[in-house]
Amino acid sequence: LVEVHVLDAATFSYIDANDKSLSNLGYKREDLPALSIYDVLFGMDRTAWAEYVAPLKSGEKKFVVFQTRFKRKDDSVYVVELRLEKGVYKGQKVFYCLVTDVSDRYEAESLLKRALEEVSAVQDLLSEGLITVTENGKIESWNKAAERIFGYEKEDILNRSVQNVLPDLKTALEGHLFEDMAQMENYTTGTNGLRRDGEEFPLVMSFRRLKTSYGNKYLCVVNESHSPQEISLELQQTALDLTDQKE
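No experiment lies behind these values; they were computed from the predicted model shown. (Residues numbered from 1 in each chain as written. Predicted model: local features only at pLDDT ≥ 70, side-chain atom pairs only at ≥ 80, totals over all residues. Heavy atoms only, no water.)

## Some details on the pairing of strand β7 (residues 129-134)
- Of all 6 residues making up β7, 6 are buried, and the element is well covered by its neighbours.
- The alternating pattern of β7 places Gly 129, Ile 131 and Val 133 and Leu 130, Thr 132 and Thr 134 on opposite faces, both of which are buried.
- When β7 meets strand β11 (residues 215-224), the two strands line up antiparallel, connected through 6 bridges. Directly across from Ile 131, in β11, lies its bridge partner Cys 220. (Buried < 20%, exposed > 50% of the residue type's maximum accessible area, 1.4 Å probe, protein only. Helix = DSSP H or I, 4+ residues; strand = E, 2+ residues; numbered from the N terminus. Pairing = 2+ DSSP bridges.)

Structure representation (structure tokens):
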């Protein structure tokens, strides 16, 4: 159930609240006349609150939605998503606050963010360039080694086509070769990379498919190759792997 808080339009004092609101905040109904929204808000001052209210008062917006924190009577805090809109309650001008407790979601998102940051930190320690690509060929992740190898900062390359740095993958994308390569445990080949300054250079790329709940992703691990012999050896190994796969 959603919490419903009814506030006086001028003072933001409580006029009413539903049972869910009272239960979650730890107040009784008889406590309401002595409360205002400022007693409940945590980490948001009157100026910040006024900035959300202003477009409602001016008629610029019919409602606003934002995330903040509420403080219970026992001083514990929970994260909420708040929808604020003007209305009339028993003939009186009010603001309705429709509040959803999103503490669990916020905690899950925080844990996921920390986990991703830790993974990213580990990836940045690697000497190999790590590039994650979506099914339509867009770059989704890019580590420090990839920045060094190709000359693109992460912010400049994310969501762009992988063909900007691996032009030979154009055929793979158009011919659905991704799927064919990914049938193997680890597909490795010699190819060409393209640096930001336009220089083409040889590299060795390992390629794997990652099955996720959001569809297939493709991990490209790239190493600079400094001699034609290295590429030739990689191509020979790939040919042997393909032969074994067919058998």
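## Points about the pattern of salt bridges
- Enumeration according to the criterion identifies 10 salt bridges in this entry.
- Among the salt bridges present, the one from Glu 147 reaches Lys 144, with a minimum N-O distance of 3.8 Å. Of the two residues, Glu 147 and Lys 144 are both situated in helix α5 (residues 144-150); the distance of 3 residues between them amounts to about one turn of the helix.
- When its relative accessible area of 13% is taken as the criterion, Glu 147 is described as buried.
- Between Glu 199 and Arg 195 there is a salt bridge; the shortest N-O distance is 3.0 Å.
- What makes Glu 199 partly exposed here is its relative accessible area of 39%. (Salt bridge = Lys/Arg side-chain N within 4 Å of Asp/Glu carboxyl O.)

## Focus: the environment of Leu 25
- Take Leu 25: it is sitting in helix α1 (residues 19-25).
- Residues Leu 25 and Val 77, 52 residues apart in the sequence, show an inter-C-alpha distance of 9.3 Å.
- If near-sequence neighbours (up to four positions away) are discounted, Leu 25 is found in contact with His 5, Tyr 14, Val 40, Phe 70, Lys 71, Arg 72, Lys 73 and Tyr 78. (Contact = heavy atoms within 4.5 Å.)

## Notes on the sheet that holds strand β3 (residues 41-42)
- The 6 strands are arranged β2-β1-β6-β5-β4-β3 in an open sheet whose pairing can be described as antiparallel. In the strand order of this sheet, the two ends are held by β2 (14-17) and β3, each with one partner.
- In this structure, strand β1 (residues 3-8) lies alongside strand β6 (residues 92-101), joined through 6 bridges in antiparallel fashion. Within the sheet, the bridge partner assigned to Val 6 lies in β6 and is Tyr 96.

## Description of helix α3 (residues 46-57)
- Along its 12 residues, α3 runs 15 Å from first to last C-alpha, staying within 8% of the 16 Å computed at 1.5 Å per residue.
- Taken residue by residue, α3 has Trp 49, Val 53, Pro 55 and Leu 56 as its buried positions. The buried residues of α3 occupy one face: seen down the axis, they fall within an arc of 160°. In α3, the exposed positions that point more than 90 degrees away from the buried face belong to Thr 47 and Glu 51.
- Buried positions along α3 lie against β1, α2 (37-40), β3, β4 (63-71), β5 (77-89) and β6.
- Looking at where α3 begins, the residue whose side-chain oxygen comes 3.2 Å from the main-chain nitrogen of Thr 47 is Asp 45.
- Backbone geometry just after α3 places Gly 59 at a positive phi near 85°. (Expected span 1.5 Å × (residues − 1). Arc of directions from axis to C-beta. Polar contact = N/O pair within 3.5 Å; in protein donor to acceptor, adjacent residues only side chain to side chain.)

## With respect to the nonpolar core
- Core analysis: the biggest nonpolar cluster contains 27 residues, and Tyr 14, Ile 37, Trp 49, Phe 70, Leu 82, Leu 84 and Phe 95 have the highest contact counts within it.
- Looking at this core, the elements with two or more residues in it are β2, α1, α2, α3, β4, β5 and β6.
- A per-element tally of this core places β5 first, with 4 residues.
- Among the nonpolar cores identified, the runner-up in size contains 20 residues, and Ile 139, Tyr 152, Val 162 and Phe 207 belong to it. (Core = buried A, V, L, I, M, F, W, Y, C linked by side-chain atoms within 4.5 Å.)

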